[in-house]
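Per-entry structural report
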Amino acid sequence: MNLSHLLLFSFLLLLVFQVRSTDDMIEETCKTCASKSTIFDYNFCISSLNNSPISPPPLLPTDLSFLALTPMLQALDNATATASTIQQLMSEGGGFEDDVYGRACLRDCLELYEDAAERLEEAVMVFVARGEIETVKVMVSAAMEAATTCETGFMERDGGDGGGGAMTWTSPIGGRNYKLFELGEIALCIINMISPVSSMSL
């Protein structure tokens, strides 16, 4: 085997090692998170972390900081896209022209999601630039709360139930609310595994 073939073989071997180590870390991380919560979705965690919007540093093993960044970026994408969806629902032909309560809920949700997107964007920047984990956790938690508050507004529809808050109406963005909450759960779990003194190594 000549030198060029040897170098190529070594390079491919490093790539295989990186893929295996990343897969192992993702699986172990999701297992750990699932063991800490009865509502944590292990399969969703695996799927999310395996579909990162960014690539890890070449020939370097994935670490927890990189994994934590993945659901934060996905949550930011979710919040931004959901705000756009809400605007479409509130526009002419969106199906809520004659629904006063529904439009009020959508207005509240739009404000919540625009704020969530801002918080998540700031969380990503703080995490990457300064590694201030406690600050990031507060921001991610606030985004999760936005999804919960939005969903609760639709579930507690007052019309016709005497104000009792009966869950008789389905949210048009329930799936997006749930996804944002789940992504926040994954991010917080991984962040909690990172030492407060750790810094990003991207």
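It should be emphasised that the depicted structure is a prediction, and the values quoted were computed from it without experimental measurement. (Residues numbered from 1 in each chain as written. Predicted model: local features only at pLDDT ≥ 70, side-chain atom pairs only at ≥ 80, totals over all residues. Heavy atoms only, no water.)

1. Structural notes on the state of the cysteines
Rules: In this description, a disulfide is simply a cysteine sulfur pair whose atoms lie within 2.5 Å. Helix numbering and strand numbering both begin at the N terminus, where a helix is a DSSP run of H or I of at least 4 residues and a strand a DSSP run of E of at least 2.
Scanning the entire structure with this criterion turns up 3 disulfides. Across a sulfur-sulfur distance of 2.1 Å, Cys 109 and Cys 150 are joined as a disulfide pair. As the torsion about the S-S bond is roughly 100°, the Cys 109-Cys 150 disulfide counts as right-handed. Of this pair, Cys 109 sits in helix α4 (residues 100-129) while Cys 150 sits in helix α5 (residues 133-155), and the two are 41 residues apart along the sequence.

2. Looking at the pattern of salt bridges
This is how it is decided: Salt bridges, as used here, are contacts in which a Lys or Arg side-chain nitrogen is within 4 Å of a carboxyl oxygen on Asp or Glu. Burial classes: relative accessible area under 20% of the type maximum marks a residue as buried, over 50% as exposed, and values in between as partly exposed (1.4 Å probe, protein chains only).
Counting across every chain of the model gives 4 salt bridges. Lys 31 is the partner of Glu 27 in a salt bridge, and the nearest nitrogen-oxygen pair spans 3.3 Å. Pair noted here: Glu 27 and Lys 31 are both in helix α1 (residues 3-36), with a separation of 4 residues, about one helical turn. Glu 27 gets classed as partly exposed once you look at its relative accessible area, which sits at 35%. Glu 134 is paired through a salt bridge with Lys 137; the nearest N and O atoms lie 3.4 Å apart. With Glu 134 and Lys 137 both in helix α5, this residue pair falls 3 residues apart, about one helical turn.

3. Quick word on the packing of helix α3 (residues 64-90) against helix α6 (residues 174-193)
We apply this condition: Only C-alpha atoms enter the line fits that serve as axes; for helices the fit covers just the stretch in contact. Angles between N-to-C directions range over 0 to 180 degrees. Note that the term roughly parallel is reserved for angles under 35 degrees, roughly antiparallel for angles over 145, roughly perpendicular for angles of 65 to 115, and oblique for everything else. The hand of a helix crossing depends on one turn: near helix anticlockwise from the far one by less than a right angle means left-handed, and clockwise means right-handed. Any two residues whose heavy atoms approach within 4.5 Å at even a single point are treated as in contact.
Here α3 crosses α6 at 160°, and the two axes come no closer than 9 Å. By the criterion of interaxial angle, the relationship of α3 to α6 is roughly antiparallel. At the point where α3 passes α6, the crossing takes the left-handed sense. Where α3 approaches α6, its residues Leu 64, Leu 67, Ala 68, Pro 71, Met 72, Gln 74, Ala 75, Asn 78, Ala 81, Thr 82 and Thr 85 are matched on the opposing element by Arg 176, Lys 179, Leu 180, Leu 183, Ile 186, Ala 187, Ile 190, Ile 191 and Met 193.

4. So, the nonpolar core
Across soluble globular proteins, nonpolar side chains have a tendency to be buried as a group. Applicable threshold: We define a nonpolar core as any set of buried Ala, Val, Leu, Ile, Met, Phe, Trp, Tyr and Cys residues linked to one another through side-chain atoms lying within 4.5 Å.
Core analysis: the biggest nonpolar cluster contains 53 residues, and Met 72, Ile 86, Tyr 113, Leu 120, Val 136 and Val 140 have the highest contact counts within it. Looking at this core, the elements that each hand over two or more residues are α1, α2 (42-49), α3, α4, α5 and α6. Leaving out residues up to four positions away in the same chain, Leu 120 has contacts with Ala 75, Leu 76, Ala 79, Val 140, Ala 143 and Leu 180.

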